[in-house]
Amino acid sequence: MQVNAMDQWPGQEAEPVLAPLGLSPTQERIYLTLLALGGEHTERLADLLDLPAQTAAAGLAHLAALGLVAGQDTATGGRYAAVAPDVAVAAVVMQRQAALLKVQSRIDALMHTYRSRADGAGPPAELIRSPDEIRECFVRLQRTARREVLAFTRLPFALALESNDTELEMLAHGVQYRAVYERAVLAQPGAREQLRGYLNAGEQARAATVLPGKFVIADRHLAMITVRSDQQESVSSCLLIRTAGLVEALAALFEQVWDRSVPLQLHDETAPEDDTLATVGGDDLELLTLMLAGLPDKALASQLGLSVRTVHRRIRRLMSLTGCTTRMQLGWYAARAGLL
């Protein structure tokens, strides 16, 4: 009986699952077949899987070296049996994890070598055109960061406004994110819920009425900046910048805008309706943040899920609590009192 690539032994997966352990599709077939049969001679196994005897023998030798099968080669081909997966596969996984951790510990040294080469011989900037390339570059740039990522976020987007899973991943690994959002971004549908997710994960964010550009900087060493004409409604291309002087200039611009921007606070809790300053809670801080970012009352109402009339009432209440007579005074008071 022959078993071709489309036949399935009990427990065998339709798609290769052991490739991360260093197994080829043929080696995985051999291992899964031995799991189902309990054991078999090399020549018989080659016949069952329709493989050359030399290929089957080489596959068994590789599996034996990994500890996935046990047996001994003889003049007649030998007999091999699969080792229990909870022992064999787990051991290989642990070996691979240890090897990956060793590589990870060398990333900083490897990045130093890479950056030294890039500073000395690489192009100062690389033009990236297609949306897929822009997305891929954006992810790669974030994953090079070991300390911080700085970002100006403004419209238009190269892609639809969606979750940046890479940021959440990097935040979980201790990379600091600071971002300044342009007012128009905060008015986008779904922006409030998405930004709250970043803030809850540890991002520090501020809001500005207008931003001078749109870029991302990783560790003040590598930057990606949007390139577009005023007539375009979407991002057409980006520049990946490696030159230290240019990246440092963008980082300095970020810090200047950051210092002048309004801290962005988005909270879930609702403030109680008492007439004391101590009752200024999460919803009030969120209202103040969006108001000071420059959103008009209609956009405020839309983002907060309130009516325009309720927005007016809450602003009047805050003005009454703080003794302010204008919204400008309210913003000044909020900053001076450390509410934001």
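Higher on the page you've got the structure.
Residues numbered from 1 in each chain as written. Predicted model: local features only at pLDDT ≥ 70, side-chain atom pairs only at ≥ 80, totals over all residues. Heavy atoms only, no water.

**Things to note about unusual backbone geometry**
Phi at Asp219 is positive, roughly 55°, even though this residue is not glycine. The phi dihedral of Arg220 is positive, around 55°, even though this residue is not glycine. As for its position among the elements, Arg220 is in the loop between β8 (215-218) and β9 (222-227). Judged by relative accessible area, which is 34%, Arg220 ranks as partly exposed. (Helix = DSSP H or I, 4+ residues; strand = E, 2+ residues; numbered from the N terminus. Buried < 20%, exposed > 50% of the residue type's maximum accessible area, 1.4 Å probe, protein only.)

**Examining helix α1 (residues 25-37)**
Taking 1.5 Å as the rise per residue, α1 with 13 residues should run 18 Å; its terminal C-alpha atoms sit 18 Å apart, in good agreement. Gln27, Glu28, Arg29, Ile30, Tyr31, Leu32, Thr33 and Leu34 are the residues of α1 that are buried. In the stretch just after α1, Gly38 is the one whose phi turns positive, near 90°. (Expected span 1.5 Å × (residues − 1).)

**Brief notes about the nonpolar core**
Taken as a class, soluble globular proteins show a tendency for nonpolar side chains to be buried jointly. Among the nonpolar cores identified, the biggest contains 44 residues, and Tyr181, Leu186 and Leu330 are the most heavily contacted of them. The contacts of Leu330, once residues within four sequence positions are left out, are Leu288, Met291, Ile315, Leu318, Met319, Thr322 and Cys324. (Core = buried A, V, L, I, M, F, W, Y, C linked by side-chain atoms within 4.5 Å. Contact = heavy atoms within 4.5 Å.)

**Structural notes on the packing of helix α12 (residues 297-304) against helix α13 (residues 308-322)**
Contact geometry for α12 and α13: axes closest at 8 Å, N-to-C directions at 100°. By the angle between their directions, the pair α12 and α13 is classed as roughly perpendicular. Of the residues in α13, those in contact with Asp297, Lys298, Leu300 and Ala301 of α12 are Val308, Val311 and His312. For the contact of α12 with α13, a count of residues per class yields four nonpolar, one polar and two charged. (Axes fitted to C-alpha atoms, helices over the stretch in contact; angles between N-to-C directions. Parallel < 35°, antiparallel > 145°, perpendicular 65-115°, else oblique. Nonpolar A, V, L, I, M, F, W, Y, C, P; charged D, E, K, R; others polar.)

**Concerning the environment of Ala53**
With respect to the secondary-structure elements, Ala53 resides in helix α3 (residues 53-66). A residue is classified by how much of its surface remains accessible, and Ala53, at 45% relative accessible area, is partly exposed. Considering only alpha carbons, one finds Ala53 and Glu43, ten residues apart in sequence, at a separation of 6.0 Å. Discounting residues that sit within four places of it in the chain, Ala53 has contacts with Thr42 and Ala46.

**Regarding the sheet that holds β9**
The mixed open sheet is built from eight strands, whose spatial order is β4-β10-β9-β8-β5-β6-β7-β11. Of all strands in the sheet, those with a lone pairing partner are β4 (125-128) and β11 (262-263), marking the two edges. On top of the sheet, helix α6 (residues 131-144) reaches β4, β6 (176-182), β8, β9 and β10 (237-241); it is set at about 155° to β9, its chief contact. Against the sheet, helix α10 (residues 244-260) engages β5 (148-153), β6, β7 (204-208), β8, β9, β10 and β11, with an angle of about 70° to β6. (Pairing = 2+ DSSP bridges.)

**Description of the packing of aromatic side chains**
In the structure shown here, the tally under the stated rule is three aromatic pairs. An angle of 35° between the planes, with centres 4.5 Å apart, marks the rings of Phe152 and Phe215 as tilted. With a gap of 63 residues between them, Phe152 in strand β5 and Phe215 in strand β8 connect regions that are remote in the sequence. The class of Phe215 is buried, set by a relative accessible area of 2%. Measuring from centroid to centroid gives 5.7 Å for Phe254 and Trp258, while their planes differ by 25°, and the two rings are stacked. (Phe/Tyr/Trp six-rings, centres within 6.5 Å; stacked < 30°, edge-to-face > 60°.)

**Examining the environment of Leu239**
With respect to the secondary-structure elements, Leu239 resides in strand β10. The exposure class of Leu239 is partly exposed, given its relative accessible area of 27%. Along the chain, Leu239 and Glu126 lie 113 residues apart, while their C-alpha atoms are 5.5 Å from each other. For Leu239, the contacting residues outside a window of four places in its chain are Ala125, Glu126, Leu127, Ala223, Met224, Ile225 and Val227.

**Re the side chain of Asn164**
Within the fold, Asn164 resides in the loop between β5 and α7 (165-172). Judged by its relative accessible area of 12%, Asn164 falls in the buried class. Setting aside its immediate chain neighbours within four residues, Asn164 contacts Phe138, Gln142 and Tyr198.

**Here we look at the packing of α7 against helix α9 (residues 191-201)**
Two numbers describe how α7 lies on α9: the axes approach to 10 Å, and their chain directions differ by 15°. On the basis of their axis angle, the class for α7 and α9 is roughly parallel. The way α7 lies across α9 gives a crossing that is left-handed. Packed against α7, whose contacting residues are Glu167, Leu168 and Leu171, the element α9 presents Gly197, Tyr198 and Ala201 at the interface. Partitioned by chemical class, the residues of the contact of α7 with α9 number four nonpolar, one polar and one charged. (Left-handed = near helix turned anticlockwise from the far one by under 90°.)

Shape descriptors only; they carry no functional weight alone.
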